[in-house]
Amino acid sequence: MPPRVTPKSLACLWCGKGFTSLRGLKVHHGRCTALKNALEIGELRGSQRSQQSRGQQQPARTNRQQRHMHTNRDLDEESGSDEESDEDDTEDAPPVFGDNTLLKVPKTSAPVFAPSVGNAYSRLGEYLTRCVVTFISIPESVRYTRDHIVPTRSAGATARSVGTPTVQEVWGEAMLQYDSKISDLLKNGDVDVINAFIRHIAKGYQRGRASDARRLKTAILELVDEKRGTTQLELKLSSTEIKSDRGFNHDVLGRMLVPIALFADYEADPAGMRAAINASSAVIAITGDEMPAFMYENPSAYNPDDVLFGFMRGYFLLRCFRSIFLGPSAAVPKKKGENDQAMDGSDQSVRGGMLKKYGINSVTLPMVIYSAMQARFCLSSSGSWKTQEKLFSYKEFAHNMIEICTLDQTWAQETVAWWNQKIFGHPDGRIGGRPKRTGGTSGTLAKAKMQVARRLAEKEAAAREAAAAEAAAARESEEQSGKLWQ
């Protein structure tokens, strides 16, 4: 028979109370006040380390402990990122911030921040990937922000290198502008605190990207349908969940993914082009150097001598942007047969969605680039998000778009104005005030105020003139009376 378990061997490691059965110990762990206090103030991690150093066996975690732990795996399941996984080095495992090196830590580390604070930092990660920079080394960028940007800001200056700011500078400035308290966290926090901060940022990157990819994936039919009710019969997708029949396995979607330089060849022989692209020997290589056809407003009018004409103005790209930043209901035209060129931001509601959540008053090119990557992934046959899809690299794709946007500032400004018109209804967005309106109560009210004010001013002027005339007549009457008495 096995030896009898004594109460001493079944004692709570936090309060010391002994138990005669394992069941009683487990029930106690769900009620132990000392354990609750340790979880709240972060002493649980220190207790675990001291137990490991003394060689003591730790008790199995109860359900209540697991709810308090809030591991990365739990949060990944909530965001659905198990499907849209990433192979980027900064997000496969929680990145760690150290003074001299980058390490990896177990995902079961005890929480450093309260759940509400950790979720706020994860939402910051979602903002950074959608609106600032999608591909970046988060630990290195946090270190750069702490060592270069935070000290310069404390001195009352702006941390900018000579010439064009680097990606890390843009990322760090955006992070500190989003939440000014992060500056104190990076300046005063120890390694464990900054490591936890990095894990939440990386988690937000993964969660935001997975959420947007899932939204576009399930809405593929109406997003691709250029004029509502005209092309859904041609799609013939087996499912909006399974992507194996997308990409260059599909005639319509392959037409949107083909490099713009090969668009005319694809139109002439779609089956032959798809066979050459899907061949194991890769007769036609699809890489991030060539922009896909869906990036252009009118691919049939592509001019190799003017490659920027219509670039970043494709209807599918615009719909993906609207779906991500305005919501699915604002992604497509309301009327059947209407195209996206008839959609104007002045007719759309921009009060909700990500624009309100992030306080965005103008479209930026990084937001368009992020939408382009999500649009490309939505059309592809890849079932999970990966930075490398055969020969196509999403990092290379994003970096090439960034370089294109920096080549011609005039073109970049015109492109931003075009997007502001489509989203906000005015080329300047909401920077100069409310979106432009073609009519309505606001214009009538302004005119009425001016007219009423003018009429009141005229009445006051007339009253003053009448009073002055009356006073003059009274003085003249007094003078006449004085002469008579004399």
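Definitions and limits used
- Residues numbered from 1 in each chain as written.
- Predicted model: local features only at pLDDT ≥ 70, side-chain atom pairs only at ≥ 80, totals over all residues.
- Heavy atoms only, no water.
- Helix = DSSP H or I, 4+ residues; strand = E, 2+ residues; numbered from the N terminus.
- Contact = heavy atoms within 4.5 Å.
- pLDDT = per-residue confidence, 0-100.
- Polar contact = N/O pair within 3.5 Å; in protein donor to acceptor, adjacent residues only side chain to side chain.
- Phe/Tyr/Trp six-rings, centres within 6.5 Å; stacked < 30°, edge-to-face > 60°.
- Buried < 20%, exposed > 50% of the residue type's maximum accessible area, 1.4 Å probe, protein only.
- Expected span 1.5 Å × (residues − 1).

Chemist: Can you lay out the environment of Pro427 for me, pointing to particular residues and giving the numbers?
Modeler: Within the secondary structure, Pro427 is located in the loop between helix 21 (409-424) and helix 22 (441-485). Residue contacts for Pro427: discarding those within four places in its chain leaves Ala417, Asn420 and Gln421.

Chemist: Just give me the short version of the confidence of the model for the protein chain, but keep the residues and values in it.
Modeler: Averaged over all residues, the pLDDT of the protein chain is 75; the fraction at 70 or higher stands at 68%. For the protein chain, the element scoring lowest by mean pLDDT is helix 5 (residues 72-79), at 35; helix 19 (residues 365-379) scores highest, at 94. In the predicted structure, residues 40-108 sits below a pLDDT of 50 and forms 140 contacts with residues beyond four places in sequence or in another chain.

Chemist: With reference to specific residues and values, describe the environment of Ala11.
Modeler: Its place among the elements puts Ala11 in the segment before helix 1 (22-29). Along the primary structure Ala11 and Leu22 are separated by 11 residues, whereas in three dimensions their C-alpha atoms are 9.5 Å apart.

Chemist: So what about the side chain of His200? Which residues, and what values?
Modeler: Turning to its location among the elements, His200 is positioned in helix 11 (residues 191-218). At a separation of 3.2 Å, a polar atom in the side chain of His200 contacts the side chain of Lys203.

Chemist: Requested: an account of the packing of aromatic side chains, with residues and values cited.
Modeler: A full pass over the atoms with the stated rule returns 15 aromatic pairs. Summarising the aromatic geometry, the rings of Phe321 and Trp419 are spaced 5.0 Å apart at their centres and angled 50° between planes, so their arrangement reads as tilted. With Phe321 in helix 17 (residues 315-325) and Trp419 in helix 21, the pair connects residues that are 98 residues apart, well separated along the chain. The exposure class assigned to Phe321 is buried, which follows from its relative accessible area of 0%. Residue Trp419 is classed as buried on the basis of its relative accessible area of 0%. Through a chain of ring-to-ring contacts, three or more aromatic side chains come together here, namely Phe377, Trp385, Phe392, Tyr394 and Phe397.

Chemist: Which residues make up helix 21, and what values do they have?
Modeler: For helix 21, spanning 16 residues, the distance from its first C-alpha to its last is 21 Å, which sits close to the expected 22 Å at 1.5 Å a residue. Looking only at helix 21, the buried set comprises Trp411, Ala412, Thr415, Trp418, Trp419, Asn420, Lys422, Ile423 and Phe424. Residues of helix 21 that are buried in the fold lie against helix 17, helix 18 (353-358), helix 19 and helix 20 (394-407). With its phi angle positive at about 85°, Gly425 sits one or two positions after the end of helix 21.

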